[in-house]
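# Structural description and commentary
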Amino acid sequence: MGRSLTQRLVFLTLVAVLAMEALIFVPAVARFRLDWLTERLAMAQLASLAILATPEGALDDDLERELLDRAGAASIVLRRDGTRALVLSALVPKPIDATYDIRAPATFRSMLDVMVSLNAPEGRHIRVIGRPDPSSLDEVEITLDEAPLRAALWLYAQRIFWLSLIVSLPTAVLIFTLVHFLLVRPMKRIVGNMAHFREDPEDLMRVIQPRSRVSEIADAERELNSLQTQVRDSLRERARLAALGEAVAKIAHDLRNMLASAQLMAERFEASRDPLVRRVGPKLIGSLDRAIALCESTLRFGRAEEAAPVTRRVALSALVDDAGENIFPEHEPDAAIRFENRVPPEMLIDADPDQMFRVFTNLIRNARQAFESAGRGGVVTVEARHGDACAEIDVADDGPGMPTRALENLFQPFRGGARKDGSGLGLAIAHELVAMQGGRLTLASSTTRGTRFRITLPA
Ligand SMILES: Nc1ncnc2c1ncn2[C@@H]1O[C@H](COP(=O)(O)OP(=O)(O)OP(=O)(O)O)[C@@H](O)[C@H]1O
Ligand SMILES: [Mg+2]
């Protein structure tokens, strides 16, 4: 037997139909045998009734033999009240091989009898006893050769066999056709599509389109469709990120060189006689230092992955001052947008100062940009306090609040950006940097009256 679904189903159908036929075969043949014998008895009775109507002794041997032949019997006995009413018999009586009483209703016994009849040796002579119908007689008894009965039984059995075969063949063909069209073909289509898709998963045209009307197959097609769509999307995303990574590396490389030359020039500020230039100079050099270090770490790690933090005790207030000055370098106390550092001057935290500097600049810059794009003024504040085994630092503003798109994709790279010129990376970077130091960056609140981000750092 083949291993394909169709071959198996056709084979099993044939077996099932033949098994069913085998089950009904024995009772059917037994019934056929009883009917055959009953008919013989009826004919015998009919023949003998004709004789009973004729005067005694008017029957000659030829007529008697003729009557027996017609009834298909070797002898006929009718009985009434236990005595023999009429006996017709052939010239030489044969010995009886078996006696069958068919007055009892068809039972298991009759099924055994038919199996014996079918398999009995040739030339048996049997006696059959039945009840006449309707009559004053008690019973009719005939003897006959078994050969015609056996022949009729075998013929009947063969007919049943061929009939079963004829019934099961169209059934098998029907099942084959149904299975082929409903299952095999859709399955082949799915498998073919999988192979086709594998060759080029990024090709939009290779995603399977659900078509089957069989719900299970349609489910499989739908699932495959969404799987392929997901695979294709994530491949695209990866390709995009890989391209971006390469671009970032190139930018970082050349930016580092430009920053390094800017740094060399800025070092000359120290010699200036202008007090403002002398004050801003070192800060500018510090910023350039950090920028160069960032470019270098990006290049070293080959992708935009952060270096492990180097934690130490740092004065938080000074760090916040640095970041604030970076975003608000103007130093104008009455400007529309102001920065306020409310961190207690003596407060120390355990953190990587370079990374925290980047976190603060991102958060403070976002707040400033929110004011600017809303076209209004306000104040950005940083507050801090020691909590339970942690330090809590809030960067807050009384600006317009976060747009929905930014809220829905909070801290997700590229997705959360709602600014025209933004890349949507700032918050994601800040979030990652805080997490790397064992802390958490959360959005404490954002309403139309302001936004508050909270950094929790372990003490
Ligand atoms: N304090 C804030 N007030 C209002 N909206 C804010 C605030 N901080 C962030 N947002 C919103 O969240 C978005 C995401 O900020 P994020 O810093 O991640 O990206 P970006 O500022 O758009 O781009 P960039 O990568 O240049 O920082 C911003 O576009 C802005 O709409
Ligand atoms: Mg930003």
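Because the structure is predicted, anything quoted here is derived from the model rather than measured. (Residues numbered from 1 in each chain as written. Chains lettered and ligands numbered in written order. Predicted model: local features only at pLDDT ≥ 70, side-chain atom pairs only at ≥ 80, totals over all residues. Heavy atoms only, no water.)

## So, the overall build of the protein
- Looking only at helices and strands, the protein has ten helices and twelve strands in total.
- Computed over C-alpha atoms, the radius of gyration of the protein comes to 53 Å, more than 25% over the 23 Å expected from 2.2 N^0.38 for 459 residues, which places it beyond the range of a compact globule.
- With the principal axes as the frame, the protein shows a C-alpha extent of 170 × 45 × 40 Å.
- Every one of the 459 residues in the protein was classed for burial, and the buried ones make up 34%.
- The long-range share in the protein, meaning contacts at least 24 apart out of those at least 6 apart in sequence, stands at 68%.
- Of the roughly 27500 Å² of accessible surface on the protein, a fraction of 58% belongs to carbon and sulfur atoms. (Helix = DSSP H or I, 4+ residues; strand = E, 2+ residues; numbered from the N terminus. Rg over C-alpha atoms; globule rule 2.2 N^0.38 Å. Buried < 20%, exposed > 50% of the residue type's maximum accessible area, 1.4 Å probe, protein only. Contact = heavy atoms within 4.5 Å. Areas by Shrake-Rupley, 256 points an atom, 1.4 Å probe, with all protein chains shown as cover.)

## Comments concerning the domain arrangement of the protein
- Domain boundaries assigned for the protein yield domain 1 (5–171) and domain 2 (309–458).
- Relative placement of domain 1 and domain 2: their C-alpha centres are 107 Å apart. (Domains from an automatic or database assignment.)

## Focus on the pattern of salt bridges
- Enumeration over the complete set of coordinates arrives at 30 salt bridges.
- A salt bridge links Arg31 to Asp35; its shortest N-O distance comes to 3.2 Å. Here Arg31 and its partner Asp35 are both found in helix 1 (residues 5–53), four residues apart, which amounts to about one turn of the helix.
- For Asp35, a relative accessible area of 40% translates into the label partly exposed.
- Residue Arg206 is joined to Asp203 by a salt bridge in which the shortest nitrogen-to-oxygen separation is 3.2 Å.
- By relative accessible area, which is 24% here, Asp203 ends up partly exposed. (Salt bridge = Lys/Arg side-chain N within 4 Å of Asp/Glu carboxyl O.)

## As for the site of ligand 1
- If you check the shell around ligand 1, you find 20 residues, and the closest are Asn366, Ala418, Ser423, Leu425 and Leu427.
- Note that a nitrogen atom of ligand 1 is positioned 2.9 Å from one of the side-chain N or O atoms of Asp397.
- Arg419 is positioned with one of its backbone polar atoms (N or O) 3.1 Å from an oxygen atom of ligand 1.
- In isolation ligand 1 exposes 590 Å². Once the protein is present, 90% of that is buried.
- Sorting elements by how many residues they give to the shell around ligand 1 places helix 8 (residues 353–374) first, with three residues.
- Taken together, the residues of the shell around ligand 1 break down into nine nonpolar, nine polar and two charged. (Near = heavy atom within 4 Å. Polar contact = N/O pair within 3.5 Å; in protein donor to acceptor, adjacent residues only side chain to side chain. Nonpolar A, V, L, I, M, F, W, Y, C, P; charged D, E, K, R; others polar.)

## Observations concerning the environment of Leu78
- Considering the arrangement of structural elements, one finds Leu78 in strand 1 (residues 75–80).
- Along the sequence, Leu78 and Leu49 sit 29 residues apart, while their C-alpha atoms lie 9.6 Å from each other.

## Focus: the nonpolar core
- Membership of the largest hydrophobic core comes to 37 residues, with the highest contact counts inside it found for Leu316, Ile349, Phe360, Ile364, Ile393 and Ile455.
- A total of eight residues in this core trace back to one element, the largest contributor, which is helix 8.
- Leaving out residues up to four positions away in the same chain, Ile393 has contacts with Leu316, Ile349, Phe360, Val382, Glu383, Ala384, Phe453, Arg454, Ile455 and Leu457.
- Counting 31 residues, the second largest nonpolar core, distinct from the first, contains Ala30, Ala73, Leu144 and Ile160. (Core = buried A, V, L, I, M, F, W, Y, C linked by side-chain atoms within 4.5 Å.)

## Focus: the sheet that holds strand 10 (residues 390–397)
- The sheet built from five strands is open, its strands ordered 7-9-10-12-11 with mixed pairing. The strands lining the two open edges of the sheet, one partner per strand, are strand 7 (337–341) and strand 11 (440–447). Averaged over all neighbouring strand pairs, the angle between strand axes comes to 15 degrees, with direction disregarded.
- Pairing of strand 10 with strand 12 (residues 450–458), which is carried by eight bridges, proceeds in the antiparallel orientation. Among the inter-strand pairings, Ala391 is bridged to a residue of strand 12, identified as Leu457. (Pairing = 2+ DSSP bridges. Axes fitted to C-alpha atoms, helices over the stretch in contact; angles between N-to-C directions.)

## Comments concerning the sheet that holds strand 3 (residues 98–101)
- Pairing is mixed in the open sheet, where five strands are placed in the order 2-1-5-4-3. Both outer strands of the open sheet, strand 2 (83–89) and strand 3, are each paired with one neighbouring strand and no more. Taking each pair of neighbouring strands and ignoring which way they run, the sheet shows an average axis angle of 15 degrees.
- Summarising the sheet, strand 4 (residues 125–130) and strand 5 (residues 139–145) pair through six bridges and their orientation is antiparallel. The residue of strand 5 that forms the bridge with Gly130 is Val140.
- Strands in contact with helix 1 are strand 1, strand 2, strand 3, strand 4 and strand 5; relative to strand 5, the strand with the most contacts, it is inclined by about 110 degrees.

## A few points about the packing of helix 6 (residues 275–300) against helix 7 (residues 316–327)
- Put simply, helix 6 and helix 7 touch, their axes get as near as 11 Å, and they point 95 degrees apart. Our classification of the angle between helix 6 and helix 7 gives roughly perpendicular. For the pair formed by helix 6 and helix 7, the contact residues are Arg279, Lys283, Ser287 and Arg290 on the first element and Asp322, Glu325 and Asn326 on the second.
- The residue inventory of the contact of helix 6 with helix 7, partitioned by class, reads no nonpolar, two polar and five charged. (Parallel < 35°, antiparallel > 145°, perpendicular 65-115°, else oblique.)

## Considerations on the side chain of Glu383
- Assignment of secondary structure puts Glu383 in strand 9 (residues 378–387).
- The buried category is assigned to Glu383, whose relative accessible area is 18%.
- Looking at Glu383, its side chain comes within polar contact range of the side chain of Arg342, at 3.3 Å.
- One polar contact links Glu383 to Arg452, side chain to side chain, over a distance of 3.5 Å.
- Once residues within four sequence positions are removed from consideration, Glu383 is found in contact with Arg342, Val343, Glu392, Ile393, Asp394 and Arg452.

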